[in-house]
Amino acid sequence: MLKTKLHTEKVLGIDPGSLHTGYGVLSQQGSRLIYIDSGVISPNKSLAFEQRLNFIYETLKLVMLKHQVTSVAVESIFYGKNVKSALILAHARAMALLLAAQHKLKVYEYSPLEVKIACTGYGRASKDQVASMIQHLFPKFAHKEKSKADESDALSVALCHLNTHPTLQQKTQQAISNSAITD
């Protein structure tokens, strides 16, 4: 009987925002990608900004601990015309980065272009195209009653990491090469 011992990676993908932060947890076992969990963190708009940030931090912490993630992938800031929006987004990203640092997890950042290419093969894909691909790849996500764009965006960031990070690819290849153990 052939047994394999493969490296298991669990990544928390984050699509940060001060009003809606998407998160998605994917696992990689060898070459197999597995949907674990996803959602949207939506603090009450009436909360003070710092309280919304704390709510995001605490909720991400619960997700991280619940699923025992091994790394965090975050979409980098999109440099658009609205500087104020970019600054607010940076604060939400900081909560994710701080949390990862406190738990000694490596953070990987990907541009929106990299994420779209890794997910759909096209760097200018629409949010609908990204969501459609995520639903196609992960049927458990597709069956969720209330999935949102922020949620599929977070899953696409996690997917980008698992598909493109060279260290993971090397570990997977090494595990497959070393895994043939006979009883």
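Since the model is a prediction, treat every value here as computed from it, not as a measurement. (Residues numbered from 1 in each chain as written. Predicted model: local features only at pLDDT ≥ 70, side-chain atom pairs only at ≥ 80, totals over all residues. Heavy atoms only, no water.)

**A few points about the overall build of the protein chain**
- Scanning the protein chain from terminus to terminus reveals seven helices and seven strands.
- In the protein chain, the succession of α and β elements from N to C terminus is β-β-β-β-α-β-α-β-α-α-α-α-α-β.
- Within the span of the protein chain, comprising 183 residues, buried residues form 42% of the whole.
- By element, 54% of the accessible surface of the protein chain is carried by carbon and sulfur atoms, the whole surface being about 10,300 Å². (Helix = DSSP H or I, 4+ residues; strand = E, 2+ residues; numbered from the N terminus. Buried < 20%, exposed > 50% of the residue type's maximum accessible area, 1.4 Å probe, protein only. Areas by Shrake-Rupley, 256 points an atom, 1.4 Å probe, with all protein chains shown as cover.)

**Thoughts on the sheet that holds strand E5 (residues 71–75)**
- The strand order E4-E3-E2-E5-E6 describes an open sheet built from five strands, whose pairing is mixed. Both outer strands of the open sheet, strand E4 (32–41) and strand E6 (106–110), are each paired with one neighbouring strand and no more. When strand polarity is set aside, the average angle formed by the axes of neighbouring strands in this sheet is 20°.
- The sheet contact formed by strand E2 (residues 8–15) and E5 spans four bridges and is parallel. When the bridges of E5 are listed, Gly13 appears paired with Ala73.
- Helix H2 (residues 83–102) contacts E2, E5 and E6 of the sheet and is inclined by roughly 165° relative to E5. (Pairing = 2+ DSSP bridges. Axes fitted to C-alpha atoms, helices over the stretch in contact; angles between N-to-C directions. Contact = heavy atoms within 4.5 Å.)

**Remarks on the nonpolar core**
- Ranked by size, the top nonpolar core spans 20 residues in total, and within it Leu12, Ile14, Leu60, Met64 and Val72 carry the most contacts.
- Put simply, the parts of the chain that give this core at least two residues each are E2, strand E3 (21–29), helix H1 (49–67), E5 and H2.
- When residues no more than four places from it in sequence are discounted, the contact partners of Ile14 are Thr21, Gly22, Leu60, Val72, Ala73, Val74, Glu75, Ala96, Ala154 and Val157.
- Tyr108, Ile134, Leu155 and Cys160 belong to the second-largest nonpolar core, a separate cluster that totals 19 residues. (Core = buried A, V, L, I, M, F, W, Y, C linked by side-chain atoms within 4.5 Å.)

**Some details on H2**
- Spanning 20 residues, H2 covers 28 Å between terminal C-alpha atoms, matching the ideal 28 Å at 1.5 Å per step.
- Inspection of H2 places Ala92, Arg93, Met95, Ala96, Leu99 and Ala100 among the buried residues, and these make up the whole buried set.
- Each element contacted by the buried residues of H2 is listed here: E2, H1, E5 and E6.
- In the stretch just after H2, Lys104 is the one whose phi turns positive, near 55°. (Expected span 1.5 Å × (residues − 1).)

**Things to note about helix H6 (residues 149–164)**
- Its 16 residues place the ends of H6 22 Å apart at the C-alpha level, agreeing with the 22 Å of an ideal helix rising 1.5 Å per residue.
- Of all 16 residues that make up H6, twelve are buried, and the element is covered over most of its length.
- Regarding H6, the residues found buried are Glu151, Ser152, Asp153, Ala154, Leu155, Ser156, Val157, Ala158, Leu159, Cys160, His161 and Leu162.

**A look at the confidence of the model for the protein chain**
- For the protein chain, per-residue confidence averages 85 on the pLDDT scale, and 83% of positions sit at 70 or higher.
- Considering each helix and strand of the protein chain separately, the mean pLDDT is smallest for strand E7 (residues 181–182), with a value of 41, and largest for H1, with 97.
- In the model, residues 1–5 has pLDDT below 50 throughout and makes twelve contacts with residues more than four positions away in sequence or in other chains.
- This model gives residues 175–183 a pLDDT under 50, and the stretch forms 15 contacts once residues within four places in sequence are excluded. (pLDDT = per-residue confidence, 0-100.)

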